[in-house]
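Fold and geometry: a report
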Amino acid sequence: MSLSANDKEGENNMAKSILFVISRPPYKSENPKLAITHAMACFVADMHIDEEVEPVVAFVGDGVLNCIKNQRSQEFYGIISTEQHIKNQLASDMRMLVCKEDLYRLDIKPERLINARDMGADIDLNVVGFNEVQKEMERCDQMMWF
Amino acid sequence: MATISIGLFSSLIGSMNSDFAVKLAETAVNKGHSVNLWFSGNAVTLARKGQKSFKDYSYLAERLKALQENGVAIVACEACAAARGIHKDDVIEGIAVHSMDWYVARAAKSDRVLHIGGE
């Protein structure tokens with residue numbers, strides 16, 4: 001029997017999950033911020049449907065550059081930083097995955113990554129191998145690639 | 001038949017992504033599927049009324065109207081539009097303007113979600 005993405009056996013009463021995959025660097029494209037704001041909108045999506053929508057964000061490829069802390073977009077561009085959006089989401093307990101292999105490729109050490117501990121966040125960005133991102137791709141109900 | 005949500009992020013002019021998204025929506029509707037068409041980022045320019053047809057530029061207003069008549073929900077992102085000076089009075093009649101929660105709710109309930117474009 002073939003099951004559609006919305007008909008996974010045993011999952012009918014669970015929240016729908018959407019995986020937002022961010023593969024572009026910050027500020028050169030609007031897409032990463034659109035992904036993040038779309039993900040945030042999931043928290044109020046149940047105004048429109050009878051289920052909750054669980055967002056998960058995954059940074060892959062050059063998208064991992066969004067996760068570097070101390071962004072100065074306010075100073076240079078006069079706009080709120082992607083960092084601030086990510087911190088807000090961590091403080092909201094949104095699961096956010098960062099591809100370990102891409103961090104290594106760009107020589108970004110974990111200590112350079114954003115955290116929201118100053119905002120009282122209980123979780124950090126979760127550095128995982130791409131195989132874990134793939135598992136999330138298989139688990140989610142919908143995937144949105146930005 | 002399935003419900004398909006198409007998120008478009010490219011502008012009306014500048015690439016053929018918008019033409020492709022509209023063609024995809026037309027094909028899906030013609031096959032009997034239900035379609036949601038979401039304009040976000042620069043794609044909100046597709047919703048602007050008063051577009052003129054030139055031979056060198058994509059012109060999709062009439063095809064969007066036909067999609068609406070065939071039951072496609074066409075919606076532009078409110079924040080993306082307002083940031084570009086496109087307000088509700090500037091939008092083609094029948095195209096709705098909503099915030100992103102509308103789209104992610106529709107997407108969550110869809111059978112398939114396709115994202116196209118983005119600068």
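This structure is a prediction, so every number in the text was calculated from the model and none was measured.

Remarks on the environment of Asn115 of chain A
Residues and elements named next belong to chain A.
- Within the fold, Asn115 resides in the loop between helix H4 (100-105) and strand S4 (126-128).
- Residue Asn115 is classed as partly exposed on the basis of its 17 C-beta neighbours within 10 Å.
- Asn115 sits 24 residues away from Ala91 along the chain, and the two C-alpha atoms are 9.2 Å apart.

Details of the interface of chain A and chain B
- On the side of chain B, 19 residues touch chain A, which itself brings 24 residues to the contact.
- Taken together, the elements giving at least two residues each to the side of chain A that touches chain B come down to strand S1 (16-22), helix H1 (31-41) and strand S5 (142-145) of chain A.
- Each residue belonging to the side of chain A that touches chain B can be placed in one class, and the counts come to 13 nonpolar, eight polar and three charged.

Description of the confidence of the model for chain B
- Looking at chain B as a whole, its pLDDT mean stands at 96, while 100% of the residues score no less than 70.
- Predicted complex, confidence summary: ipTM 0.87, pTM 0.89.

Re the sheet that holds strand S4 (residues 96-98) of chain B
Residues and elements named next belong to chain B.
- In space, the five strands of this open sheet follow the order S4-S3-S2-S1-S5, with parallel pairing throughout. Every interior strand has two partners, whereas the edge strands, S4 and strand S5 (112-116), have only one. Averaged over all adjacent pairs, the angle separating strand axes in this sheet is 25 degrees, with direction ignored.
- Relative to S5, strand S1 (residues 3-8) runs parallel, the two sharing five bridges. Paired with Ile4 across the strands is Arg112, a residue of S5.

Regarding the pairing of strand S2 (residues 53-59) of chain A
All names here are of chain A.
- The buried fraction of S2 amounts to six of the seven residues, a majority that puts the element mostly inside the structure.
- As defined by bridge partners, S1 adjoins S2 across seven bridges and the pair is classed as parallel. Residue pairing across strands places Leu19 opposite Val56, the latter belonging to S2.
- With H1 bridging S1 and its parallel neighbour S2, the resulting β-α-β unit is right-handed.
- Pairing between S2 and strand S3 (residues 95-99): four bridges, direction parallel. When the sheet's bridge partners are listed, Ala58 is paired in S3 with Leu97.

Some words on the sheet that holds S2 of chain A
- Spatially, S4-S3-S2-S1-S5 (chain A) is the arrangement adopted by the five strands of the open sheet, whose pairing is parallel. Among the strands making up the open sheet, the edge pair consists of S4 and S5 of chain A. In this sheet, neighbouring strand axes are inclined to one another by 25 degrees on average, regardless of whether the strands run parallel or antiparallel.
- Sitting on the sheet, helix H5 (residues 130-139) of chain A touches S1, S2, S3, S4 and S5 of chain A, and the angle it makes with S3 of chain A is about 135 degrees.
- With respect to the sheet, helix H4 (residues 100-108) of chain B is in contact with S1, S2 and S5 of chain A, its orientation differing from that of S1 of chain A by roughly 115 degrees.

Topic: unusual backbone geometry
All names here are of chain A.
- In this model, Tyr27 sits at a positive phi of 70 degrees, which is unusual for a non-glycine residue.
- Residue placement: Tyr27 occurs in the loop between S1 and H1.
- Residue classification places Tyr27 among the partly exposed positions, given that 17 C-beta atoms sit within 10 Å.
- In this model, Asn70 sits at a positive phi of 65 degrees, which is unusual for a non-glycine residue.
- Tracing the backbone through its elements, the reader meets Asn70 in the loop between S2 and helix H2 (73-76).

Some details on the packing of H1 of chain A against H4 of chain B
- Relative to each other, H1 of chain A and H4 of chain B sit at 75 degrees, their axes nearing to 8 Å. When the interaxial angle is binned, H1 of chain A and H4 of chain B end up roughly perpendicular. Packed against H1 of chain A, whose contacting residues are Thr37, His38 and Ala41 of chain A, the element H4 of chain B presents Met100, Asp101 and Val104 of chain B at the interface.
- Grouping the constituent residues of the contact of H1 of chain A with H4 of chain B by class yields three nonpolar, two polar and one charged.

Re the environment of Val97 of chain B
- Relative to the elements of secondary structure, Val97 of chain B occurs in strand S4.
- Sequence-wise, Val97 of chain B and Ala47 of chain B are 50 residues apart; in three dimensions their C-alpha atoms are separated by 9.2 Å.

Cut-offs and rules
- Residues numbered from 1 in each chain as written.
- Chains lettered and ligands numbered in written order.
- Predicted model: local features only at pLDDT ≥ 70, side-chain atom pairs only at ≥ 80, totals over all residues.
- Helix = DSSP H or I, 4+ residues; strand = E, 2+ residues; numbered from the N terminus.
- Buried ≥ 20, exposed ≤ 12 C-beta atoms within 10 Å, placed from the backbone.
- Contact = placed C-beta atoms within 7 Å.
- Nonpolar A, V, L, I, M, F, W, Y, C, P; charged D, E, K, R; others polar.
- pLDDT = per-residue confidence, 0-100.
- Pairing = 2+ DSSP bridges.
- Axes fitted to C-alpha atoms, helices over the stretch in contact; angles between N-to-C directions.
- Right-handed = clockwise from strand over helix to strand, strands pointing away.
- Parallel < 35°, antiparallel > 145°, perpendicular 65-115°, else oblique.

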